Amino acid sequence: MQAGNLIDIYKNETIATEAFRDFRLRRGIICKKCSGTHHYWLAPKQQFQCKQCRFRTTLQSGTVLEGSKLPISYFFIAVYMILKKGNAFTIQDFQEETGHKYYEPLYDFIRKVRAYLNANDPNTVLIDLVELFNHHLINRKFQERVVQD
């Protein structure tokens, strides 16, 4: 796996959204209304729905991305860059990688992602991201073959 491939794949917002949905499902979703843990994905609404009370939860709700207006792909890019560069990682590096115009929202976002990584085992997060990357890379290659045939 090459570093550029990971970032390039997750710059695609559709793939990043699918991967974040899978990431949420791996971590588990708890209903805010009834505390149920069984959910299913409502594709037309792009939300999870509780099987018990039918309360809907957005993709970003209850995560590090809650309240953020930044693309979901930024989460994967930020996690990868923070884990790769450690303390050498700067907001300017992230800004160059994403092409984002403004510094302030990125500063707050990176602060939240770093806090998330500090609160969780970075190795577990990295393993999840690598598995999701491999899953989506295989699906992408399969879809390209189907289109060519």
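First, a word on what this report is: a plain description of the structure on this page. This one's a predicted model, so the numbers in the text were calculated from it and none came from an experiment.

### Let's talk about the overall build of the chain
Of regular secondary structure, the chain possesses six helices and three strands. In the chain, the succession of helices and strands from N to C terminus is α-α-β-β-β-α-α-α-α. When burial is assessed residue by residue, the chain has 40% of its 149 residues classed as buried. Sequence-distant contacts, at least 24 apart, represent 55% of the contacts inside the chain between residues at least 6 apart. Of the roughly 9,100 Å² of accessible surface on the chain, 50% is carried by carbon and sulfur atoms.

### With respect to the packing of aromatic side chains
Summed over the entire model, instances satisfying the criterion amount to 11 aromatic pairs. Between F75 and F76 the ring centres are 5.4 Å apart and the planes differ by 75°, which places this aromatic pair in the edge-to-face class. Aromatic side chains F89 and F94 sit 6.3 Å apart centroid to centroid with 70° between the ring planes, which places their arrangement in the edge-to-face category. One aromatic cluster is present, built from ring pairs that chain together F20, F23, F75, F76 and Y116.

### Observations regarding unusual backbone geometry
Among all residues save glycine, negative phi is the norm, and among peptide bonds the norm is trans. Positive phi outside glycine occurs at S35, with the angle close to 65°. The backbone of Q46 shows a phi angle near 55°, a positive value even though the residue is not glycine. Mapped onto the elements, Q46 comes out in the loop between β1 (39-42) and β2 (47-50). Owing to a relative accessible area of 41%, Q46 belongs among the partly exposed residues under this scheme.

### A look at the side chain of Q49
Looking at where Q49 falls in the secondary structure, it is placed in strand β2. A distance of 3.1 Å separates polar atoms of two side chains, one belonging to Q49 and the other to R56. Contacts of Q49, omitting those with residues within four sequence positions, involve H38, H39, Y40, L42, R54, F55 and R56.

### Regarding the sheet that holds strand β3 (residues 56-58)
Pairing is antiparallel across the open sheet formed by three strands, whose spatial order is β1-β2-β3. Strand pairing shows two members of the sheet lacking a second neighbour, β1 and β3, which therefore form its edges. Recorded for the sheet is a direction-independent mean angle of 35° between the axes of neighbouring strands. Taken together, the three bridges between β2 and β3 define a ladder with antiparallel strand orientation. Each bridged residue has a counterpart across the sheet, and for Q47 the counterpart in β3 is T58.

Calculation criteria
Sequence order as written defines residue numbering, which begins from 1 separately in each chain. In view of the model being predicted, local features appear only for residues whose pLDDT reaches at least 70, and side-chain atom pairs are presented and counted only at 80 or more, with totals across whole chains, interfaces and linings using the full set of residues. Each side-chain value is derived from all of the structure's non-hydrogen atoms; neither hydrogens nor water enter the calculation. Segments assigned H or I by DSSP are reported as helices when at least four residues long, segments assigned E as strands when at least two residues long, and all are numbered from the N terminus. Note on classification: 1.4 Å probe, protein chains only; a residue is buried when its accessible area is under 20% of the maximum for its type, exposed when over 50%, partly exposed between these limits. Any two residues whose heavy atoms approach within 4.5 Å at even a single point are treated as in contact. For every accessible area listed, the method is Shrake-Rupley and the probe measures 1.4 Å; residues are considered covered only by the protein chains on display. Ring pairs shown here join Phe, Tyr and Trp side chains whose ring centres sit within 6.5 Å, with only the six-membered ring taken for Trp; geometry is labelled stacked below 30 degrees between planes, edge-to-face above 60, and tilted in between. Polar contact is the term for a pair of N or O atoms within 3.5 Å; when the atoms are in protein, one must be able to donate a hydrogen and the other to accept it, and sequence-neighboring residues count only if both atoms are side-chain atoms. For two strands to be treated as a pair, DSSP must find no fewer than two bridges joining them. Inter-axis angles, ranging from 0 to 180 degrees, are taken between N-to-C directions of lines fitted to C-alpha atoms, where helices are fitted over the stretch in contact.

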